Amino acid sequence: QSLLTQPPSASGTPGQRVTISCSGTKSNIGSNAVSWYQQVPGAAPKLLLSGNIQRPSGVPDRISGSKSGTSASLAITGLQSDDEADYFCAAWDDSLSGVVFGGGTKLTVL
Amino acid sequence: EVQLVQSGAEVKKPGESLTISCTASAYTFTDYWITWVRQMPGKGLEWMGRIDPRDSYTNYSPSFQGHVTFSVDKSINTASLHWSSLKASDTGMYYCARVVSGSADAPFDSWGQGTLVTVSS
């Protein structure tokens, strides 16, 4: 069982806005920055957001993040077919002295 | 372009030993920690731990402590993950990734392509 909780699935139609939530505790999301990773089937994960809201070079600005208390969210606007992937949140956990991941959310573009 | 290139897929029997590698290029190897992540078939990502290439300091997840060993060879910009006695439950995809040194919650900003390990009798 993952220490960060994500919905197992999400979906939307092209052009729509989709959000994916990530719920944690005081010792992880409540105290540390959240990162988000995208994993297309058959490929390695790719960094999508760091420091809760920062996009690495090359990630489009229709991808955004937010954090409040012990929860974080990833939002994708203008949904495209190539957004179809698994999305994972991650954060350092002070109690475990290690990184914890969410269980992942499979995003389907209908 | 920053690259982490991992060694190829392995098929092993339970009880056998195995070392897989991750070779870095296009950045200063000692400026970034290397972290290892497991993904079992059809499952999510699990953090195994990390190693500091400057001094080989390691930080293992409790779930993997004592079962795997991390090492680095700075002379060839390579990090390794070693098992001395594999179990069937070690079957999975293993990724290396780099992490900015000095910050516990730094992101994994570049990943290897993964090494598939299959353990079966």
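To be clear, the structure that these remarks concern was listed above.
As the structure is a computational prediction, the values presented were derived from the model and not from experiment. (Residues numbered from 1 in each chain as written. Chains lettered and ligands numbered in written order. Predicted model: local features only at pLDDT ≥ 70, side-chain atom pairs only at ≥ 80, totals over all residues. Heavy atoms only, no water.)

Caption draft 1: Inspection of the overall build of chain B at higher detail. Scanning chain B from terminus to terminus reveals zero helices and 11 strands. Taken from the N to the C terminus, the helices and strands of chain B come in the order β-β-β-β-β-β-β-β-β-β-β. Expected size for 121 residues packed as a compact globule is a radius of gyration near 14 Å; at 14 Å, chain B falls within 12% of this value. If you line up chain B on its principal axes, its C-alpha atoms span 40 × 25 × 25 Å. Counting every position in chain B, which comprises 121 residues, the buried fraction comes to 49%. The long-range fraction of contacts in chain B, counting pairs at least 24 apart against all pairs at least 6 apart in sequence, stands at 54%. For chain B, the exposed area adds up to about 5400 Å²; of that, 47% sits on carbon and sulfur atoms. One finds the centroid of the 9 positive side-chain charges in chain B at a distance of 6 Å from the centroid of its 11 negative side-chain charges. (Helix = DSSP H or I, 4+ residues; strand = E, 2+ residues; numbered from the N terminus. Rg over C-alpha atoms; globule rule 2.2 N^0.38 Å. Buried < 20%, exposed > 50% of the residue type's maximum accessible area, 1.4 Å probe, protein only. Contact = heavy atoms within 4.5 Å. Areas by Shrake-Rupley, 256 points an atom, 1.4 Å probe, with all protein chains shown as cover. Lys, Arg positive; Asp, Glu negative; His and termini not counted. Charge placed at Lys NZ, Arg CZ, Asp CG, Glu CD.)

Caption draft 2: Focus on the interface of chain B and chain A. Between chain B and chain A, the contact holds 17 residues from the first and 17 residues from the second. Summed over both partners, the interface of chain B with chain A buries about 1400 Å², with 67% contributed by carbon and sulfur atoms. On the surface where chain B and chain A come into contact, there are zero salt bridges. One can count five residue pairs in polar contact (both at pLDDT 80 or more) joining chain B with chain A. Here the side of chain B that touches chain A is built from residues that sort into eight nonpolar, five polar and four charged. (Buried area = accessible area lost by both parts, 1.4 Å probe. Salt bridge = Lys/Arg side-chain N within 4 Å of Asp/Glu carboxyl O. Polar contact = N/O pair within 3.5 Å; in protein donor to acceptor, adjacent residues only side chain to side chain. Nonpolar A, V, L, I, M, F, W, Y, C, P; charged D, E, K, R; others polar.)

Caption draft 3: Highlighting the pairing of strand β5 (residues 63-68) of chain A. Residue and element names in this part refer to chain A. Sheet analysis places β5 next to strand β6 (residues 71-76), joined by six bridges and oriented antiparallel. In the sheet register, isoleucine 63 faces β6, and the bridge partner there is isoleucine 76. The turn joining β5 and β6, which pair antiparallel and follow one another in sequence, is formed by two residues; a positive phi near 60 degrees is taken by glycine 69. (Pairing = 2+ DSSP bridges.)

Caption draft 4: Looking closely at the packing of aromatic side chains. Residues and elements named next belong to chain B. Enumeration according to the criterion identifies 11 aromatic pairs over all chains in this entry. The interplanar angle of 85 degrees and the centroid separation of 6.0 Å between the aromatic rings of tryptophan 33 and tyrosine 57 together place this pair among those described as edge-to-face. In this pair, tryptophan 33 sits in strand β4 (residues 32-39) while tyrosine 57 sits in strand β6 (residues 57-60), placing the two residues 24 residues apart along the sequence. Here tryptophan 33 falls in the buried class, since its relative accessible area comes to 9%. According to the relative accessible area criterion, tyrosine 57 is partly exposed, its value standing at 49%. Each ring, one from tyrosine 60 and one from phenylalanine 70, has its centre 4.5 Å from the other, and the planes form 25 degrees; the classification is stacked. Residue tyrosine 60 is located in strand β6, and its partner phenylalanine 70 is located in strand β7 (residues 69-73); the two are separated by 10 residues in the primary sequence. (Phe/Tyr/Trp six-rings, centres within 6.5 Å; stacked < 30°, edge-to-face > 60°.)

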